[in-house]
2 protein chains.
Amino acid sequence: MSDEVYLNGELVPRAEARISPFDRGFLYGDGLFETVRVVNGIPFRLGRHLERMNRSCAALGWGRQLDSERLRAATEELIERNAVAVGYLRITASRGPLAGKLTDLEAASPTVLIDAHAMDLPPLDSPPDYVLAGSPHRAEPASLLVRHKTLSYQAYLLALAEGRAKGADEVYFLNSCGHLTEGATVNLFFVRSGTVCTPDEGCGLLPGVTREAVMELCEAQGIPLSTGEFTPEELMQAEEAFCTNSLRGVVRVSRLLGPPDTEFGRGPVTVALQSAYAALVDAECQRE
Amino acid sequence: MSDEVYLNGELVPRAEARISPFDRGFLYGDGLFETVRVVNGIPFRLGRHLERMNRSCAALGWGRQLDSERLRAATEELIERNAVAVGYLRITASRGPLAGKLTDLEAASPTVLIDAHAMDLPPLDSPPDYVLAGSPHRAEPASLLVRHKTLSYQAYLLALAEGRAKGADEVYFLNSCGHLTEGATVNLFFVRSGTVCTPDEGCGLLPGVTREAVMELCEAQGIPLSTGEFTPEELMQAEEAFCTNSLRGVVRVSRLLGPPDTEFGRGPVTVALQSAYAALVDAECQRE
């Protein structure tokens, strides 16, 4: 089975892919990425991921859009070449080789890398539960990148590593106002009095494609939904909690690490949303 | 004249240098860098820059130190090869190729890039003045990376580009408490009642090598120095203001963009520190 990647217009063997270290992506974390679950050889809601990437290109001054149709075609070709049925897709686009001034933001020649490979992902209707730890690192809602999925990602990795060292699977951040924002690779949800609550974008978070799908499912199923500013105390008093991620879907939170620890039961809302999300992905990722 | 770079143990022509795009530096901005002014073919206080880099390696979980002696030797060889008398040195070290989990932080095989080339830099005793703009983007003192010079640098570039679009040369940030921190590529200083003031490290900033040298010079010259928490109003009421950067040294701030604008005179403290810094660099960068 071949293991190729797409790099700047060509499919090349993974081990042979090379870029210049004078790429702004390497020198300054100056780029964007998306990760997507592939199901039946189809990336779930690839269009939404590419739209988000292009919204970020506009917001971050690239002076151009990425060619979504070309990226989609390259992704399909790569998935076929690597025979990916269920797996991982990552699309990376940097602002390209360093040229001119640091502050010349126009991305005349972006570097584009697509990686698609088979991965043994947990089933969407019953992924393993997560334990969450509070991160001591505050997110800043007025910071420039907090709403974008950028290559300047080191802080999220480090916070996640700290959480895992404490025995958690993920972390949750507060912003400088003390409100919940998101996790390192997940969006946060909890259920209070039957209402699904999730921090508003204004709190400073990446609006996930899975988060959006879950909000759609709440509406379709008549589950009350509230977006806003929430404190960690409100999370701790919740009946249920879950987090969302493009690879893993809707993941129940079983526990928040304390002290004191907070345990959550396997509640009906999370179970219903896991089933509904699995069905949605299955329906949208049908080969003709 | 040759134009080579050092990459992972070898000198190679700049245009031929290549890394894998699956380097954590590219995928996640997961690495560190230092920029240094080269004078008489000697990088000013390279040792301090390498110490800072290794403090960051320790703080960020690399599980190893970079070999300072080897980096120093490689830098000297490269400077000689490229015949750099006055110029720019950048040492970049990423956590290396992606292997294992995202949260495996141990840097078993870092990617090291050294770039040294001649650059027409302004004289240290009279660099052109800077105009500063306040950045709307808040730094967060409890954030994980604010004290380290990491490859996750995109936010600084964007804030700088925004400042330049307003007609400024640099920007100044406030932290979420409203205190001054630093600029995108500079540390901040101002003079009030004859005392040199600069934000304390605890405000959330990169402690610059030039900042440290200026603090030493204040002590040597009997100029009162105060580090602490300062508001932008205190900066605006100052008699003089300047900023520091490894490439440009001590740069007088002539104006803060408003409205209303704040103008600063060419005061005696800034002038004295520019002369003293130029003399210090000259003295330390003498070839035997």
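For the structure itself, consult the block above.
Here the structure is a predicted model, which is why all the values come from computation and not from measurement.

**Student:** Tell me about the sheet that holds strand β4 (residues 42-43) of chain A, and please be specific about residues and values.
**Tutor:** Within a sheet, each strand pairs with its neighbour through backbone hydrogen bonds, oriented either parallel or antiparallel. All names here are of chain A. Taken together, 6 strands build an open sheet; the order of strands is β2-β1-β6-β5-β3-β4 and the sheet is antiparallel. Two strands lie at the open edges of the sheet, namely β2 (10-13) and β4, each paired on one side alone. Bridging between strand β5 (residues 87-94) and strand β6 (residues 111-118) involves 8 bridges; their strand directions are antiparallel. Residue A93 lies in a different strand from β6, and its bridge partner there is V112.

**Student:** Pulling in residues and values, what's your account of the environment of A74 of chain B?
**Tutor:** For A74 of chain B, the position within the fold is in helix α3 (residues 68-81). In this structure, the C-alpha to C-alpha distance between A74 of chain B and E10 of chain B, residues 64 residues apart in sequence, is 8.7 Å.

**Student:** Residue-level account of the pattern of salt bridges, with values.
**Tutor:** Inspection of every chain in the model, using the stated rule, returns 30 salt bridges over all chains. Linking E216 of chain A and R45 of chain A is a salt bridge whose minimum nitrogen-to-oxygen distance equals 3.1 Å. Note that E216 of chain A is positioned in helix α5 (residues 209-221) and R45 of chain A in the loop between β4 and α2 (46-59), a separation of 171 residues in sequence. Owing to a relative accessible area of 15%, R45 of chain A belongs among the buried residues under this scheme. One salt bridge in this structure joins R255 of chain B and D261 of chain B, with 2.7 Å as the shortest N-O distance. Under the relative-accessibility criterion, R255 of chain B is labelled partly exposed at 25%. Residue D261 of chain B is classed as partly exposed on the basis of its relative accessible area of 39%.

**Student:** Account for α2 of chain A, naming residues and giving values.
**Tutor:** Owing to its 3.6 residues per turn, the α-helix brings residues three or four apart onto one side. Residues and elements named next belong to chain A. The terminal C-alpha atoms of α2 lie 20 Å apart, and with 14 residues this matches the ideal 20 Å at 1.5 Å per residue to within 8%. What α2 keeps buried is the set L46, H49, L50, R52, M53, N54, S56 and C57. Next to the buried residues of α2 lie β3 (31-39), β4, α3 (68-81), β5 and α5. Directly after α2, the chain includes G61, whose backbone phi takes a positive value near 80°.

**Student:** Please provide a residue-by-residue account of the environment of S56 of chain B, values included.
**Tutor:** Residue and element names in this part refer to chain B. Structurally, S56 is set in helix α2 (residues 46-59). The class of S56 is buried, set by a relative accessible area of 4%. When the C-alpha atoms of S56 and R138 are compared, they prove to be 22 Å apart, with 82 residues separating the residues in sequence. Contact partners of S56, with chain neighbours within four places excluded, come to L32 and H148. In this structure the side chain of S56 is engaged in a polar contact, spanning 2.7 Å, whose partner is the side chain of H148.

**Student:** Report on the sheet that holds strand β2 (residues 10-13) of chain B, specifying residues and quantitative values.
**Tutor:** All names here are of chain B. Read across the open sheet, the 6 strands follow the order β2-β1-β6-β5-β3-β4; overall the sheet is antiparallel. Across the chains shown, the open sheet's two edge strands, defined by having one partner strand only, are β2 and β4 (42-43). Each of β3 (31-39), β4 and β5 (87-94) is contacted by α2, which is oriented at about 175° to β3, the strand it contacts most.

Scoring rules and cut-offs
- Residues numbered from 1 in each chain as written.
- Chains lettered and ligands numbered in written order.
- Predicted model: local features only at pLDDT ≥ 70, side-chain atom pairs only at ≥ 80, totals over all residues.
- Heavy atoms only, no water.
- Pairing = 2+ DSSP bridges.
- Helix = DSSP H or I, 4+ residues; strand = E, 2+ residues; numbered from the N terminus.
- Salt bridge = Lys/Arg side-chain N within 4 Å of Asp/Glu carboxyl O.
- Buried < 20%, exposed > 50% of the residue type's maximum accessible area, 1.4 Å probe, protein only.
- Expected span 1.5 Å × (residues − 1).
- Contact = heavy atoms within 4.5 Å.
- Polar contact = N/O pair within 3.5 Å; in protein donor to acceptor, adjacent residues only side chain to side chain.
- Axes fitted to C-alpha atoms, helices over the stretch in contact; angles between N-to-C directions.

Functional significance is not addressed by these values, which are geometric in nature.
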